[in-house]
Amino acid sequence: GRRRRDMPAGFAAAAQGAGQPGVLRGWLACAGLPDGLVLSTGLRSRVLFTLSARGLASDADLDTLARLDPVQGAQHRATCRTMRPDPADKEAAWTLALAGDTDWGTALAYARGLWVPGQEEIMTGYLDRYLTEALPALDGLPDRRIMRGLARLLYPVTLIAPETLQATAAVQRDSRLSGALQAIVLEQDAILRAALAARSAPRLQSLQSPHVR
């Protein structure tokens, strides 16, 4: 049933523990698959998203994905390549997402892989680049749907810090940007504020709780 299909996909998406990436690499070789499970193109993509984020997916793995899935494989390959913790891959993806001559499906795929939890150290410079490079470039796009999609995906959502909020607050006062783009930044700002509040809540609670001896 559907639950049986969803369980391997959930494992592939969340596999972080010791030994689990090795299990996923086995799945790519059709080894160690749960009984009755077939490595579909969708499951292969989920496996490679997880492995890519940990730097464990090779170009050959991603090329195989693109070859086996003629519908979405090329876009998933772009996302996987961007998810790798490699500054060169991040730089290439950022450039291609904003190039203007990249087809929009691929541009969105590159943007989708940029912000991965745990990769904040290699992404710190992109907060300023979002404000000074991405937003002005996106404001000139004639297709508002694509502009909104890229503005959301390129926003530094994993840089959950007051500094990010301070930087994006200035954008909302910038009269040079369109109202549509300012609305996207405001929306993302609200999401980030909620994440920052959720992160702070356990610490605040622990400070307020009486010590138990």
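First things first, this report covers the structure right here in the doc. (Residues numbered from 1 in each chain as written. Predicted model: local features only at pLDDT ≥ 70, side-chain atom pairs only at ≥ 80, totals over all residues. Heavy atoms only, no water.)

Overview of the overall build of the protein
A count of helices and strands for the protein gives 11 helices and 0 strands. In the protein, the succession of helices and strands from N to C terminus is α-α-α-α-α-α-α-α-α-α-α. The 213 residues of the protein split such that 40% are buried. For the protein, the proportion of contacts with a sequence separation of at least 24, taken over those separated by at least 6, is 65%. (Helix = DSSP H or I, 4+ residues; strand = E, 2+ residues; numbered from the N terminus. Buried < 20%, exposed > 50% of the residue type's maximum accessible area, 1.4 Å probe, protein only. Contact = heavy atoms within 4.5 Å.)

Some words on the nonpolar core
Core analysis: the biggest nonpolar cluster contains 34 residues, and Trp94, Leu114, Tyr130, Leu135, Leu138, Leu150 and Leu154 have the highest contact counts within it. Within the residue set of this core, elements represented by two or more residues are helix 6 (87–97), helix 7 (104–112), helix 8 (126–139), helix 9 (144–154), helix 10 (162–171) and helix 11 (179–208). The biggest single contributor to this core is helix 8, with 6 residues. The residues touching Leu138, leaving out its near neighbours within four places in the chain, are Leu98, Met147, Leu150, Ala151 and Leu154. (Core = buried A, V, L, I, M, F, W, Y, C linked by side-chain atoms within 4.5 Å.)

Section: the packing of aromatic side chains
All chains considered together, the criterion is met by 2 aromatic pairs. When the ring of Trp94 is compared with that of Tyr126, the centres are 5.0 Å apart and the planes differ by 65°; the resulting orientation is edge-to-face. Separated by 32 residues along the polypeptide, Trp94 in helix 6 and Tyr126 in helix 8 bring together distant segments of the chain. Across the pair, exposure class does not vary: Trp94 and Tyr126 are buried alike. Each ring, one from Tyr130 and one from Tyr155, has its centre 5.5 Å from the other, and the planes form 90°; the classification is edge-to-face. Note that Tyr130 is positioned in helix 8 and Tyr155 in the loop between helix 9 and helix 10, a separation of 25 residues in sequence. Judged by its relative accessible area of 0%, Tyr130 falls in the buried class. (Phe/Tyr/Trp six-rings, centres within 6.5 Å; stacked < 30°, edge-to-face > 60°.)

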